[in-house]
Amino acid sequence: METKIVKVNNINSERKLIMEGAKYIKEGKLVVFPTETVYGLGANGLDEEAVLKIFHAKGRPQDNPLILHVSSMKEVKSLVKSISTEAERLMEKYWPGPLTMLFQRSDAIPDIITAGLDTVAIRMPNNSIALKLIEMSGVPIAAPSANTSGKPSPTSVQHVIEDLYGKVDMIIDGGATGVGLESTVLDLTGNIPMILRPGGITLEDLQYIIPNVEFDLSIIKDNENIIPKSPGQKYRHYAPKADMIVFTGEVDNIVNTIKEKSNELTKQGKSVGIMATDETKDRYDEEIVISVGSRKNKETIAHNLFNAIRLFDKKNVDIILSEGVELSHIGIAIMNRLKKASGGNIIEV
Ligand code: AMP
Ligand code: MG
């Protein structure tokens, strides 16, 4: 398939390019577009055949439901059975933004979107290109991350091209994404509001509006028997080609343990990559050390994380030894992605 790549710097002067993307969406084609979290692989969310193409292009299992992206709060109405007061207040505070909410689905939604579940996930992205594209399409856009399933989510067009060139009709280049991690998925359909996937909007953010919000047990407990409520959380994700071990605990202990482990692995002839932070990177003598950002500003770590994982793959390391971060605020989402990327290979030191 021919993939058209267009660069949009300004949504006003380049309105025509977005309009062309919207035309593609209406024709049932696949359009990759930037959001504030990661790049999305979009199709008309009300067109079953178009949505099926998303699953094929990504190699995504069909039991993993998709998020519908809207450009206004009023679009939600026809997609859901009802909107609670809490949902309304959350939308007002955090939309557009990296918060996905689950609602009881209406009959307008094809089964393929929800993987047969009776809930549907919806969000409004905080990116002007994305909002314009959705508005001009006139339909909700189904859009998972625009990567091959299992690989790190794309935070730049280069990542999208690596994974999906030739498999999608159009890629809209809007520069690097902001947050760098996917949206928070919040389930408001039960008695207690549950975070099914930690993301850009933190537990602390949500507590302002819904003080009784909790994490789904699968996020905080290391027990294989707990089945995540969000089907996507059961798959290995964000995985580098290399093996990966994540070390958590006191920073000094982390650095010392990584150095010891690295020595041991190098002696065995392995090529080691170290995922460090600004505060620690100079303490390693290894050849391949990538800092993901400052421990004092975890948002930068979130922003750089997936790119760093892809960089290690380009450097063909055999194993990545990664520092962990504290489990608070966006650190919870970062550790969730590191846990998945490493296949649960986390060592407390
Ligand atoms: P992605 O499309 O890669 O951002 O992933 C979307 C995430 O939302 C996956 O983890 C899905 O399992 C989750 N999700 C989407 N719809 C639902 C739903 N109706 N119920 C639970 N989780 C959902
Ligand atoms: Mg994804």
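What this report covers is the structure whose coordinates are included nearby. Remember, it's a predicted structure, so these values are computed and weren't measured experimentally.

1. A few points about the sheet that holds strand β4 (residues 67–69)
Move 1: Across the sheet, which stays open at both edges, the 11 strands sit in the order β1-β8-β2-β3-β7-β4-β6-β5-β9-β10-β11 with mixed pairing between neighbours. Either end of the sheet is taken by a strand with one partner, and the two such strands are β1 (4–7) and β11 (214–215).
Move 2: Both strand β5 (residues 99–104) and strand β9 (residues 184–187) contribute to a ladder of 4 bridges, which runs parallel. The residue bridging L99 from the neighbouring strand is T184, located in β9.

2. A short note on the nonpolar core
Move 1: Core analysis: the largest hydrophobic core is formed by 50 residues, its most contacted members being L90, M101, I122, L186 and L206.
Move 2: Among the elements of the structure, β3 (40–44), α2 (48–58), α3 (85–94), β5, α4 (111–114), β6 (119–123), α6 (157–164) and α7 (203–207) are those that each provide at least two residues to this core.
Move 3: Every residue in contact with M101, bar those within four places of it in the chain, is listed here: A87, L90, M91, W95, V120, A121, I122, L186 and L188.
Move 4: Within the second largest apolar cluster, 26 residues are counted, among which are A242, M244, I290 and I334.

3. Description of the site of ligand 1
Move 1: Every one of the 18 residues lining ligand 1 counts as a neighbour, but N64, T119, P144, S230 and G232 are closest to it.
Move 2: At 3.4 Å from an oxygen atom of ligand 1 is found a side-chain nitrogen or oxygen belonging to R60.
Move 3: Protein coverage of the free-state accessible area of ligand 1, which is 500 Å², stands at 95%.
Move 4: Among the detected pockets, ligand 1 sits in the second largest pocket.

4. Some points on the layout of surface pockets
Move 1: The computed volume of the largest pocket comes to approximately 890 Å³.
Move 2: Lining of the largest pocket is provided by 27 residues; of these, S218, I219, K221, D222 and K339 occupy positions nearest its centre.
Move 3: For the lining of the largest pocket, the secondary structure elements donating two or more residues are α8 (217–220), α11 (331–341) and β16 (346–348).
Move 4: Broken down by element, the residue count for the lining of the largest pocket peaks at 5 residues, all from α11.
Move 5: Roughly 720 Å³ of internal volume is contained in the second largest pocket.
Move 6: Looking at the lining of the second largest pocket, the elements with two or more residues in it are β4, β5, α4, β6, β9 and β10 (194–197).

5. A look at the pattern of salt bridges
Move 1: Summed over the entire model, instances satisfying the criterion amount to 17 salt bridges.
Move 2: For R123, the salt bridge is made with E36, and the minimal N-O distance between the two is 2.8 Å. Taken together, the positions of R123 in strand β6 and E36 in the loop between β2 (31–33) and β3 put the pair 87 residues apart, joining distant regions of the chain. Residues R123 and E36 agree in their burial class; the two are buried.
Move 3: Of the charged contacts, one joins K229 and D216 as a salt bridge, the two residues approaching to 3.7 Å between their closest N and O atoms. Taken together, the residues K229 in the loop between α8 and β12 (243–248) and D216 in the loop between β11 and α8 connect sequence positions 13 residues apart.
Move 4: Look at D216 and you get buried, because its relative accessible area is 6%.

6. Regarding the sheet that holds strand β14 (residues 288–291)
Strand pairing in a sheet relies on backbone hydrogen bonds. The paired strands run either parallel or antiparallel.
Move 1: Read from one edge of the open sheet, 5 strands run β14-β13-β15-β12-β16, paired in parallel fashion. Whereas interior strands pair on both sides, the edge strands pair on one side only; in this sheet they are β14 and β16. Strand-to-strand twist in this sheet, taken as the mean axis angle between neighbours without regard to direction, amounts to 20°.
Move 2: Running over the sheet, helix α10 (residues 298–314) touches β13 (272–276), β14 and β15 (319–323) and is turned about 170° from β13.

Reading the values: the criteria
- Residues numbered from 1 in each chain as written.
- Chains lettered and ligands numbered in written order.
- Predicted model: local features only at pLDDT ≥ 70, side-chain atom pairs only at ≥ 80, totals over all residues.
- Heavy atoms only, no water.
- Pairing = 2+ DSSP bridges.
- Helix = DSSP H or I, 4+ residues; strand = E, 2+ residues; numbered from the N terminus.
- Core = buried A, V, L, I, M, F, W, Y, C linked by side-chain atoms within 4.5 Å.
- Buried < 20%, exposed > 50% of the residue type's maximum accessible area, 1.4 Å probe, protein only.
- Contact = heavy atoms within 4.5 Å.
- Near = heavy atom within 4 Å.
- Polar contact = N/O pair within 3.5 Å; in protein donor to acceptor, adjacent residues only side chain to side chain.
- Areas by Shrake-Rupley, 256 points an atom, 1.4 Å probe, with all protein chains shown as cover.
- 1 Å grid on protein atoms, 1.4 Å probe; cavity = no way out; pocket = protein on both sides within 12 Å on 5 of 7 lines; lining within 4 Å.
- Sits in = over half its atoms within 2 Å of the grid points.
- Points joined across faces, edges and corners; volume = space filled by probe spheres on them.
- Salt bridge = Lys/Arg side-chain N within 4 Å of Asp/Glu carboxyl O.
- Axes fitted to C-alpha atoms, helices over the stretch in contact; angles between N-to-C directions.

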